[in-house]
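# A structural walkthrough
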Amino acid sequence: MKLDRRGFLKFAVGGVVGTLATPIPWDMLDESAKFTDLWAPEPAKGPSSFVHSTCRLCPGGCGITLRLVEDKSGRDEWRGWHHKEFIDRRKLPAVPLRAVKIAGNPDHPVNRGGICPLGAAGLQLLYGTNRITAPLKRTNPRGEGEAAWEKITWDEALNIVTGKLREIREAGNSHTVACILDNKKGLTAELIDRFFRAYGSPNVITMPSQEDVETVGLSLMQGTGGHLAYDLENSKYVLSFGAALLEGWGAPVHNMMVFGKWQGASEHALVQIEPNCSITASKADKWLAVKPGTEAALALGMANVIVTEGLYDRSCIARCQGFEGFKALLESEYDPRKVSEITGIPANVIANTARAFAVTKPAVAVYGRGQGVMSGNLAEFMSIYSLNALVGSIGAKGGVVVQREVPFSSWPALATDAVAQQGLAQPRIDGEGGEIKHGVCMSHNLTAALKSGAVNALVVHEANPCYALPRANKFEEAAAKVPFVLALTSCMNETARSADIILPVASYLERLEDVTSAARVPYASMSLTRPVLANVPEARHPGDVFLTLARAMGGSVSSSLPWDNFEALLKEKVGGIFASRRGRIGDQEVAMLGSPDELWEGLNAGKCWYEEPIFGGGGLTFSPQGRTPRLEPVSWMKASREFPMLLVAYENINIANRRAVDTLPYLTKNIDNTVLQKQDLLVRVNPETAGRVRLVEGDAATVQCPAGRLSVRVHMDVGMMPGVIGIPLGLGHSNDDPFLTGKGVNAYEILEPELDPVTGLAVWWGTRAKLIKV
Ligand code: SF4
């Protein structure tokens, strides 16, 4: 079944709001089941049972319901098909159960029954041909031809890993061990971070994210940490500066659900600002095609109108600092006519949009580019965030809030011996920042650190930097020089292929784990992924792997991680929620529960704990440390004779782009033929741009950038700004998955990061380019 843009929107929005006016949602789920059957020993029929869990294929945190059927095939070699009895794990049902479908859980507050195509296809993650089913040891040197592997036992694998870690630590070099994670959200990530701090390494580094710049910006402007969230559900006017609200940004199904509620309700408006007519832009009330990189100027032009026409919220401004200086800057530099020349948006459109944004209450300005997997520049964040202060939306219902922390019990004090203290005193290998020093990870600096010989061992947990860091190919070359590389992953990917040892980890349908607060959703939440299915042979919970490693290391590393297993740790942490008496689980107040066990049982039955945000008038500092929001153009925005075009990356919801999860077979089938035709990736260009270099629809071409070149085909699209080339992220894998390998090219390879001088963070969503006809 081919799904076009309109079809997808019917699925995404119709499905989640429950109208189901179209059969598309069910057709798609049937398709999912058929693909699942491809890997089944035999299709299973019979009575169904249902189990609730949580999806963790993206930061959306949706509740899911798995349908299980009795498998009477009598074939037992696929242990993974069997339903794991998680009340009493020793008891297996007389007839094994097999999961055949994933749907949204209607009782989960984040998605209320909705599900996205990736979540619906999750079963395929379990049984793909690139699933790793035993620990693997490399038998040929890294960097020399195709990797060759031998299966080893867990004991052998853990002996090798502890031997290496011990050797490095005993030599006083614990700080030369680095670990890469996709992000630090959730108890497994916190446990891993704790392991390395107890070991003596400060180098647990996360992949880049939009949140990196937000963290620095929030700290400067509001003096706080935490995760920004937007109360879209209660907002009447959303000004989105490029956030792919309907294509994977934040909590995608939640956003679609909100958008579905807006349909036909005239009091809601969405204005999408980006150079590309994306799905979000095409469904918005207004699309402003801004010149890439000038969003900060546009935000300040709007701020100028709000301030000079006196439309700002005086009570909020009274809580802010630095308003007079900000106002003076707006008046002197960001008149709408001047901003029009910078951004390409007519002055009257800037002014009218600003007025509508200011007078419609509540309204919110959303900072973001695409799905949010790239960091950006601080000045842009500050400019856009300032708009929220002008309309009184900081901390307000329908505005922007900082998510409350889930009240887990605190970690016990970390025990650090002399070696650990000496290691932790060393500077982090990714640096401390730019002009401003901050603790945010700067993974773009890893390639240089690896090349310099600063890393003796690299541990990668459920991340794929060899594919998804900027200049990914350069990172892979640098990783080949690290003496020892360990990958923990459930499926073979580009980074695992560069490892010495691979440890297979259980997938999210096979392990018990917290999923903490869906991204960008204003309330705090926590629900569990549950071992609905037994592990594929040999796969283990990553938390258990690090607890085992800690015991093997002994001393203060072991005493810092005293739990028998991850489940014991999780249960202890959940006790903090009970003790706080905060929030609800399902429809019950936590304060009304009699014991922590009741809360634990509720979570284990698939219920979600959640807590409403506390709204209240917040303010900010417009010019923290004298840094007033302004346009700070990145160098690739300057005209170049050699590279006359601008290449910008964009994302597609049918292409998994979350680094640790690859696109699944069923989704590969649904990639639009304007994105991928057979093995060829298509870039989107305006017909005028294509005409400049005599290209027509479907022509083969080379995209040449300062960092390298890729072979593509051309798709002409009036929805792309002239002079801009749009390239999709998430394709061009070489990960041994027959459904994905060789399909398209990897845009991450030619995206060269430029550093924000203030934060030192990479600004890497675009680059100069030219198109050459082949
Ligand atoms: S939006 Fe994210 S969390 Fe929700 S079903 Fe899709 S992949 Fe899973």
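Because the structure is predicted, anything quoted here is derived from the model rather than measured.

Moving on, we get to the overall build of the protein chain. Tallying secondary structure elements over the protein chain gives 25 helices and 30 strands in all. By the burial criterion, 63% of the 774 residues in the protein chain qualify as buried. Here the contacts in the protein chain between residues at least 6 apart in sequence split such that 76% fall between residues at least 24 apart.

With 89% of its residues at a pLDDT of at least 70, the protein chain reaches an overall mean of 88. Long-range and interchain partners of residues 1-42, a stretch whose pLDDT sits below 50, account for 92 contacts in this model, where long-range means more than four residues apart. Segment residues 75-93: pLDDT under 50, and 47 contacts once partners within four positions in sequence are set aside and those in other chains are kept.

One finds Leu-239, Leu-387 and Leu-390 to be the most contacted residues of the largest nonpolar core, which totals 79 residues. Top element by residues in this core is helix α10 (residues 295-308). It accounts for ten residues. Among all residues touching Leu-390, those that are not within four sequence positions of it are Ala-303, Ile-306, Val-307, Tyr-312, Asp-313, Ile-317, Phe-323, Phe-326 and Phe-622.

Turning our attention to helix α13 (residues 336-343). All of the buried residues along α13 are Pro-336, Val-339, Ser-340 and Thr-343. Buried residues in α13, looked at end-on, bunch into an arc of 110°, giving them a common side. Opposite its buried face, α13 presents the exposed residues Arg-337 and Glu-341, each directed more than 90 degrees away. Looking at the buried residues of α13, the elements they touch are α10 and α14 (347-359). Structurally, the start of α13 carries an N-cap: the backbone nitrogen of Arg-337 is 2.8 Å from a side-chain oxygen of Asp-335. Just past α13, the residue Gly-344 takes up positive phi, approximately 85°.

So, about the site of the ligand. By nearness alone, every residue bordering the ligand is listed as Cys-55, Leu-57, Cys-58, Gly-60, Gly-61, Cys-62, Ile-115, Cys-116, Leu-118, Gly-119, Pro-252 and Val-253. For the shell around the ligand, the secondary structure elements donating two or more residues are α3 (117-120) and α8 (252-262). Its residues assigned to classes, the shell around the ligand shows nine nonpolar, three polar and no charged.

Counted under the stated rule, the structure contains 17 aromatic pairs. Seen from their ring centres, Phe-195 and Phe-546 are 5.4 Å apart, and the 70° between their planes marks the pair as edge-to-face. Placement of the pair is Phe-195 in helix α6 (residues 187-199) and Phe-546 in helix α20 (residues 542-553), with a sequence separation of 351 residues. A relative accessible area of 0% places Phe-195 in the buried class. Exposure remark for Phe-546: the relative accessible area of 1% places this residue in the buried category. A centroid spacing of 6.5 Å and a plane angle of 80° characterise the contact between Phe-196 and Tyr-199, whose relative ring orientation is edge-to-face. Pair noted here: Phe-196 and Tyr-199 are both in helix α6, with a separation of three residues, about one helical turn. Given the relative accessible area of 2%, Phe-196 is considered buried. The rings of Phe-195, Phe-196, Tyr-199 and Phe-546 are connected pair by pair, giving a single aromatic cluster. Positioned above the aromatic ring of Tyr-199, the side-chain terminus of Arg-169 is 5.7 Å from the ring centre. Arg-369 extends its terminal NZ or CZ atom over the ring of Trp-765, reaching a point 3.9 Å from the ring centre.

What follows concerns the side chain of Thr-447. Turning to its location among the elements, Thr-447 is positioned in helix α17 (residues 446-451). Ignoring sequence-local partners within four residues, the contact set of Thr-447 consists of Lys-474, Phe-475 and Ala-478.

Once that is clear, we can look at the pairing of strand β15 (residues 484-489). The buried count for β15 comes to six of six residues, which makes it a mostly enclosed element. Burial along β15 is two-sided: Phe-484, Leu-486 and Leu-488 facing one way and Val-485, Ala-487 and Thr-489 facing the other are all buried. Taken together, the five bridges between strand β14 (residues 457-461) and β15 define a ladder with parallel strand orientation. By the bridge assignment, Leu-458 is partnered in β15 with Val-485. Direction of pairing for β15 relative to strand β16 (residues 501-504): parallel, over a ladder of four bridges. By the bridge assignment, Leu-486 is partnered in β16 with Ile-501.

What follows is about the pattern of salt bridges. Under the defined criterion, the tally for this structure stands at 27 salt bridges. Two residues, Arg-197 and Asp-193, come together in a salt bridge whose shortest N-O distance is 3.3 Å. In this pair, Arg-197 and Asp-193 both sit in helix α6, four residues apart, roughly one turn of the helix. Since its relative accessible area comes to 31%, Arg-197 is described here as partly exposed. Taking relative accessible area as the criterion, Asp-193 reaches 17% and is therefore assigned buried. Through salt bridges with shared partners, one network takes in Arg-56, Glu-462, Arg-511 and Glu-513.

All right, on to the packing of α10 against helix α15 (residues 378-390) then. Where α10 meets α15, the closest approach of the two axes is 8 Å, and the angle between their N-to-C directions is 25°. Regarding the angle of α10 to α15, the classification is roughly parallel. The handedness of the crossing between α10 and α15 comes out as left-handed. Only Ala-379, Glu-380, Ser-383, Ile-384, Leu-387 and Leu-390 of α15 make contact with α10, whose side of the interface consists of Glu-295, Ala-296, Ala-299, Leu-300, Met-302, Ala-303, Ile-306 and Val-307.

This paragraph deals with the sheet that holds β16. Read from one edge to the other, the open sheet built from seven strands follows the order β5-β4-β16-β15-β14-β6-β7, with strand pairing classed as mixed. Because the sheet does not close on itself, it has two edges, and the strands there are β5 (149-151) and β7 (204-206). When strand polarity is set aside, the average angle formed by the axes of neighbouring strands in this sheet is 20°. On the sheet, helix α5 (residues 154-170) packs against β4 (136-138), β6 (177-181), β14, β15 and β16 and is oriented at approximately 125° with respect to β16.

This next bit is on the pairing of strand β2 (residues 63-70). In terms of burial, β2 is largely enclosed, as six of its eight residues are buried. Bridging between strand β1 (residues 48-54) and β2 involves seven bridges; their strand directions are antiparallel. In the sheet register, Ser-48 faces β2, and the bridge partner there is Val-69. Here β2 pairs with strand β3 (residues 97-104) via seven bridges, running antiparallel. Across the sheet, the residue bridging to Val-69 is Arg-98, located in β3.

As a further point, take the sheet that holds β1. Read across the sheet, three strands follow the order β1-β2-β3 without closing on themselves; strand pairing throughout is antiparallel. Either end of the sheet is taken by a strand with one partner, and the two such strands are β1 and β3. Pairwise comparison of adjacent strand axes, ignoring direction, gives a mean angle of 30° for this sheet.

A few words now on helix α7 (residues 210-222). Between its first and last C-alpha atoms α7 spans 18 Å; for 13 residues at 1.5 Å apiece the expected length is 18 Å, and the two agree. Listed in full, the buried residues belonging to α7 are Gln-210, Asp-212, Val-213, Glu-214, Val-216, Gly-217, Leu-218, Leu-220 and Met-221. The inward-facing, buried residues of α7 contact β8 (228-230), β12 (363-370), α15 and β13 (400-402). Two to three positions downstream of the cap, the backbone nitrogen of Glu-211 sits 2.9 Å from a side-chain oxygen, assigning the N-cap of α7 to Ser-209. Looking one or two residues beyond α7, the residue adopting positive phi is Gly-223, at roughly 65°.

With respect to the helices and strands, the residue Thr-741 is situated in the loop between β27 (724-728) and β28 (754-755). The partly exposed category is assigned to Thr-741, whose relative accessible area is 30%. Sequence-wise, Thr-741 and Leu-731 are ten residues apart; in three dimensions their C-alpha atoms are separated by 8.5 Å. Apart from the residues lying within four places of it in its own chain, the contact partners of Thr-741 are Gln-679, His-733, Ser-734, Asn-735 and Asp-736.

What counts as what
Residues numbered from 1 in each chain as written. Predicted model: local features only at pLDDT ≥ 70, side-chain atom pairs only at ≥ 80, totals over all residues. Heavy atoms only, no water. Helix = DSSP H or I, 4+ residues; strand = E, 2+ residues; numbered from the N terminus. Buried < 20%, exposed > 50% of the residue type's maximum accessible area, 1.4 Å probe, protein only. Contact = heavy atoms within 4.5 Å. pLDDT = per-residue confidence, 0-100. Core = buried A, V, L, I, M, F, W, Y, C linked by side-chain atoms within 4.5 Å. Arc of directions from axis to C-beta. Polar contact = N/O pair within 3.5 Å; in protein donor to acceptor, adjacent residues only side chain to side chain. Near = heavy atom within 4 Å. Nonpolar A, V, L, I, M, F, W, Y, C, P; charged D, E, K, R; others polar. Phe/Tyr/Trp six-rings, centres within 6.5 Å; stacked < 30°, edge-to-face > 60°. Lys NZ or Arg CZ within 6 Å of the ring centre and 35° of its normal. Pairing = 2+ DSSP bridges. Salt bridge = Lys/Arg side-chain N within 4 Å of Asp/Glu carboxyl O. Axes fitted to C-alpha atoms, helices over the stretch in contact; angles between N-to-C directions. Parallel < 35°, antiparallel > 145°, perpendicular 65-115°, else oblique. Left-handed = near helix turned anticlockwise from the far one by under 90°. Expected span 1.5 Å × (residues − 1).

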